[in-house]
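As a plain string of letters, each chain reads:
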Amino acid sequence: MGMPGITTLSLVTVWQLGELAPFYHTFADIAAARYEQDAILPTTLYLMSASTVCVGLTFYIVGKLGAGKLISFFPTHAVLGFVAGIGIWCGTMSVSVSSSPATGDDDDRMVSNGVFGVPFLLSALCTAGIRILRWLIPREKFMLLDPAYFLSIPILFYIGLWAFQIDYDKAVHLGLLFRNPNDDSISSSAESPLFEVLKIWTSFDISKVYWSAIFYTAPQILACSVLAILLVCPFIPPLAIFLGQDSDFSMDNEFIAHGYANIISGFLSPGGLAMCLCYSSTTLFSNAGAKRNRLSMVYLALANLAVLIYGPIAVEYIPRCLAGSLLLDMGVSLFLEGTFDHYDKFDRFELASICAVMIIMNVIDMT
């Protein structure tokens with residue numbers, strides 16, 4: 001079984017629980033509504049870390065109580081309602097991420113803003129492209145289709161700019177890139193990339209934190225913890241089966257491991273984000289040739305660290321349609337997973353429950 005709290009799975013990759021992003025927005029909104037300007041960021045970072053610690057404690061307690069398998073009795077259609085609702089939220093966020101308050105004349109602003117703006121239309125076109133390719137090319141024939149496709153988007157984007165004779169500054173003012181149109185300087189300054197990453201610590205002024213904010217956000221933090229459990233537990237057994245370890249893994253032990261990881265994440269950095277194992281990226285990593293041992297995971301962690309340090313330098317050159325298409329594709333996938341993919345498995349009452357949860361989350365209040 002291995003050491004308690006240490007995963008017994010031979011290969012695991014993790015990712016941020018992106019489904020919790022709406023709650024982080026709510027934390028910021030609550031801090032902005034209640035506190036002065038210079039306290040908003042420190043308090044929001046504190047609430048994000050606190051929610052991650054609470055998620056970790058929930059995982060740990062469930063695992064310690066031996067209740068891991070009991071979670072599977074939670075109604076599946078309720079979970080799918082959450083999944084579909086998050087999919088719609090991701091779609092709306094795609095519009096927001098793709099659009100930008102462009103500078104310049106009215107034509108520039110028309111190009112940049114809203115669903116019918118050029119950036120979002122590019123995002124929608126990119127999303128349509130990857131979904132058509134998935135239909136044409138089975139995953140078994142080309143496991144790297146998704147990363148290859150999305151990595152090609154910036155290349156094709158700049159080829160398009162060259163073809164239409166749009167220079168970098170014009171693209172910035174049209175809102176096609178992430179660089180701030182009002183900033184005339186390039187952020188890759190004399191300061192080292194590592195210093196830029198560590199700026200999060202200077203932004204977290206502990207004297208400005210309103211510790212009582214946790215009481216105003218207790219319902220959201222509780223919802224984070226419950227949703228995290230429900231989103232993680234369906235993927236642990238399939239991953240164990242994929243790795244050929246379905247006979248010697250413990251659901252409770254994996255929950256305890258998730259607990260340790262999230263507690264450490266919450267305390268390690270201001271704004272530490274909740275995380276969980278990722279079935280799709282783990283299978284992709286394995287099928288791409290990674291050996292099923294802990295050394296492979298260490299190498300992957302080091303590669304991610306390099307991206308964390310040097311990635312921000314490239315942000316100003318990344319087209320908005322790349323991030324927009326990733327969000328829109330994830331939103332479409334989550335929406336379909338929560339609705340049409342399981343349409344024939346539920347009765348009318350359960351389907352109505354899925355729709356009710358999905359609509360309430362987006363029309364009334366996500367969190």
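These lines cover the structure that appears in this document, whether it is placed above or below. (Residues numbered from 1 in each chain as written. Predicted model: local features only at pLDDT ≥ 70, side-chain atom pairs only at ≥ 80, totals over all residues. Heavy atoms only, no water.)

Focus on the pattern of salt bridges
Here is step 1: What the rule picks out here adds up to five salt bridges.
Here is step 2: Taking the shortest distance from any N to any O, the salt bridge between D329 and R134 comes out at 2.7 Å. Placement of D329 in helix α16 (residues 320–338) and of R134 in helix α5 (residues 118–136) is noted, with a sequence separation of 195 residues between them. (Salt bridge = Lys/Arg side-chain N within 4 Å of Asp/Glu carboxyl O. Helix = DSSP H or I, 4+ residues; strand = E, 2+ residues; numbered from the N terminus.)

Focus on the side chain of T13
Here is step 1: Position of T13 relative to the elements: it lies in the segment before β1 (14–16).
Here is step 2: When neighbours within four sequence positions are excluded, T13 is seen to be in contact with C276, L277, C278, S281, T282, F285 and L300. (Contact = heavy atoms within 4.5 Å.)

Structural notes on the state of the cysteines
Here is step 1: One pass over the structure, following the stated rule, counts zero disulfides.
Here is step 2: With no disulfide partner, C126 has as its closest neighbouring cysteine sulfur the one in C321, 4.6 Å distant. (Disulfide = S-S within 2.5 Å.)

Some words on the packing of helix α3 (residues 76–98) against α5
Geometrically, a packed helix pair is captured by the angle between its two axes and the distance between the axes.
Here is step 1: Direction vectors running N to C along α3 and α5 enclose 130 degrees, while the axes themselves pass 8 Å from each other. Overall, the two elements α3 and α5 adopt an arrangement that is oblique. Judged by the sense of rotation from one axis to the other, the crossing of α3 with α5 is right-handed. The segment α3 lies against α5, with S94, V95 and S98 engaging P119, F120 and S123. (Axes fitted to C-alpha atoms, helices over the stretch in contact; angles between N-to-C directions. Parallel < 35°, antiparallel > 145°, perpendicular 65-115°, else oblique. Left-handed = near helix turned anticlockwise from the far one by under 90°.)

With respect to unusual backbone geometry
Here is step 1: The phi angle at Q165 is positive, at roughly 60 degrees, despite the residue not being glycine.
Here is step 2: Tracing the backbone shows Q165 in the loop between α6 (145–163) and α7 (168–173).
Here is step 3: Under the relative-accessibility criterion, Q165 is labelled exposed at 76%. (Buried < 20%, exposed > 50% of the residue type's maximum accessible area, 1.4 Å probe, protein only.)

Quick word on the nonpolar core
Here is step 1: Core analysis: the largest hydrophobic core is formed by 56 residues, its most contacted members being L9, L17, L20, F27, F59, I236 and F255.
Here is step 2: The set of elements that each furnish at least two residues to this core consists of α1 (21–34), α2 (37–64), α3, α11 (218–232), α12 (236–242), α13 (251–268), β2 (275–277) and α16.
Here is step 3: With ten residues, α2 is the single largest residue contributor to this core.
Here is step 4: Setting aside its immediate chain neighbours within four residues, F59 contacts A228, I229, V232, F255, I256, H258, G259 and N262.
Here is step 5: Counting residues in hydrophobic clusters, the runner-up holds 15 residues, among them I153, L176, L177 and C321. (Core = buried A, V, L, I, M, F, W, Y, C linked by side-chain atoms within 4.5 Å.)

Considering α1
Here is step 1: With 14 residues, α1 extends 20 Å from end C-alpha to end C-alpha; this agrees with the ideal 20 Å at 1.5 Å per step.
Here is step 2: Every buried residue belonging to α1 is among A21, P22, F23, Y24, T26, F27, I30 and A31, and all of these are buried.
Here is step 3: Tucked inside the fold, the buried residues of α1 contact β1, α2, α3, α10 (213–216) and α11. (Expected span 1.5 Å × (residues − 1).)

As for a nonpolar patch on the surface
Here is step 1: Together, L295, V298, Y299, L302, L305 and L308 line one region of the surface with nonpolar side chains, adding up to about 590 Å² of accessible area.
Here is step 2: By secondary structure assignment, the location of Y299 is in helix α15 (residues 294–315).
Here is step 3: Residue Y299 is classed as exposed on the basis of its relative accessible area, which comes to 53%. (Patch = residues over 30% accessible without salt bridge, like charges linked within 9 Å, V, L, I, M, F, W, Y side chains within 5 Å. Areas by Shrake-Rupley, 256 points an atom, 1.4 Å probe, with all protein chains shown as cover.)

Looking at the packing of α1 against α2
Here is step 1: Remark: α1 packs on α2, axes separated minimally by 9 Å, with the N-to-C direction vectors making an angle of 140 degrees. Taken together, the axes of α1 and α2 lie oblique to each other. α1 and α2 meet at a crossing whose hand is right-handed. In this structure, α1 uses Y24, F27, A28, A31 and A32 to contact α2, whose residues at the interface are I40, T43, T44, L47, M48, S51 and T52.
Here is step 2: Of the residues that constitute the contact of α1 with α2, the class distribution is eight nonpolar, four polar and no charged. (Nonpolar A, V, L, I, M, F, W, Y, C, P; charged D, E, K, R; others polar.)

A word on the environment of D329
Here is step 1: For D329, a relative accessible area of 8% corresponds to the buried category.
Here is step 2: Taking the C-alpha atoms as reference points, D329 and T127, 202 residues apart in sequence, are found 5.6 Å from one another.
Here is step 3: Among residues more than four places away in sequence, those in contact with D329 are T127, I130, R131, R134 and F150.
Here is step 4: For D329, the side chain forms a polar contact with the side chain of R134, separated by 2.7 Å. (Polar contact = N/O pair within 3.5 Å; in protein donor to acceptor, adjacent residues only side chain to side chain.)

Quick word on the environment of S286
Here is step 1: Within the fold, S286 resides in helix α14 (residues 279–287).
Here is step 2: Through-space distance from the C-alpha of S286 to that of T13 is 9.9 Å; in sequence the pair is 273 residues apart.
Here is step 3: Ignoring any residue separated from it by four or fewer positions in sequence, one finds S286 in contact with L11, F242 and R292.

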